[in-house]
Amino acid sequence: QVQLVESGGGLVQAGGSLRLSCAASGRTFSSYSMGWFRQAPGKEREFVAGIRWSGGVTYYADSVKGRFTISRDNAKNTVYLQMNSLKPEDTALYYCAARYRTYSNDERAWDYWGQGTQVTVSS
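Residues numbered from 1 in each chain as written. Predicted model: local features only at pLDDT ≥ 70, side-chain atom pairs only at ≥ 80, totals over all residues. Heavy atoms only, no water.

(A) Expanded view of the pattern of salt bridges. Going through the model one piece at a time under the given rule, you end up with 6 salt bridges. Across the salt bridge formed by Arg38 and Glu46, the nearest N and O atoms sit 2.7 Å from each other. Note on Glu46: relative accessible area 35%, which makes it partly exposed. (Salt bridge = Lys/Arg side-chain N within 4 Å of Asp/Glu carboxyl O. Buried < 20%, exposed > 50% of the residue type's maximum accessible area, 1.4 Å probe, protein only.)

What follows is the structure, given as structure tokens:
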């Protein structure tokens, strides 16, 4: 079992930055691929960014490419999402997810989820 706790959300003006953190506990963090997803009001949950368990290969949704950066610190059992040049359309509840070893952009493939942290970008 893996427990995930997100933090770092908040209210920011358009063009600003936030860094989300996801602290993991339980099994060996380094064996898990990690991902960030988001869900805006009235919309489906969507993939934002992911990082493989091995090699640190990263993936991004086209909508955030060049603005967001996912990273992980295995010593701290934490994955981060640095969000720059935020836009009002980035407003959503952001979720952290973990998947043992193999990676997938499909949210149905992820094994563990956090409770989410709210990001609100004002225009």
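Having put the structure on the table, let's press on.
(B) Here's a closer look at the nonpolar core. Within the largest apolar cluster, 36 residues are counted, with the highest numbers of intra-cluster contacts made by Leu4, Met34, Trp36, Val79, Leu81, Met83 and Tyr94. Counting only elements with at least two residues in this core, the list comes to β1 (2-7), β3 (18-26), β4 (32-39), β5 (46-51), β7 (68-73), β8 (78-83), β9 (92-100) and β11 (117-122). In terms of residue count, β9 provides more of this core than any other element does, 5 residues in total. In this view, Leu81 contacts Leu18, Arg19, Leu20, Trp36, Val48, Ala49, Phe68, Thr69, Ile70 and Tyr94; residues no more than four positions away in its chain are not counted. (Core = buried A, V, L, I, M, F, W, Y, C linked by side-chain atoms within 4.5 Å. Helix = DSSP H or I, 4+ residues; strand = E, 2+ residues; numbered from the N terminus. Contact = heavy atoms within 4.5 Å.)

(C) Seen up close, the sheet that holds β1. Judged by pairing direction, the sheet is antiparallel, and its 4 strands sit side by side in the order β1-β3-β8-β7 without closing on themselves. In this open sheet, the two strands that pair with only one neighbour each are β1 and β7. Neighbour to neighbour, the strand axes of the sheet diverge by 15 degrees on average, direction disregarded. Where β1 meets β3, 6 bridges bridge the pair, whose relative direction is antiparallel. Residue pairing across strands places Val2 opposite Gly26, the latter belonging to β3. (Pairing = 2+ DSSP bridges. Axes fitted to C-alpha atoms, helices over the stretch in contact; angles between N-to-C directions.)

(D) Just the packing of aromatic side chains, in detail. Under the counting rule described, the total for this entry stands at 8 aromatic pairs. Both rings, one in Tyr95 and one in Trp113, keep their centres 6.4 Å apart while their planes meet at 80 degrees; by these two values the pair is edge-to-face. Highlighted residues: Tyr95 in strand β9 and Trp113 in strand β10 (residues 112-113), separated in sequence by 18 residues. Overall, the relative accessible area of 12% leaves Tyr95 in the buried class. Each ring, one from Tyr103 and one from Trp110, has its centre 5.7 Å from the other, and the planes form 90 degrees; the classification is edge-to-face. Under the relative-accessibility criterion, Tyr103 is labelled buried at 13%. The exposure class assigned to Trp110 is buried, which follows from its relative accessible area of 5%. Ring pairs connect the aromatic residues Phe37, Phe47, Tyr59, Tyr95, Tyr103, Trp110 and Trp113, which therefore count as one cluster. If you follow Arg72 out to its NZ or CZ, it ends over the ring of Phe29, 4.6 Å from the centre. Sitting over the ring of Trp53, Arg101 keeps its end group 4.4 Å from the ring centre. (Phe/Tyr/Trp six-rings, centres within 6.5 Å; stacked < 30°, edge-to-face > 60°. Lys NZ or Arg CZ within 6 Å of the ring centre and 35° of its normal.)

Shape descriptors only; they carry no functional weight alone.
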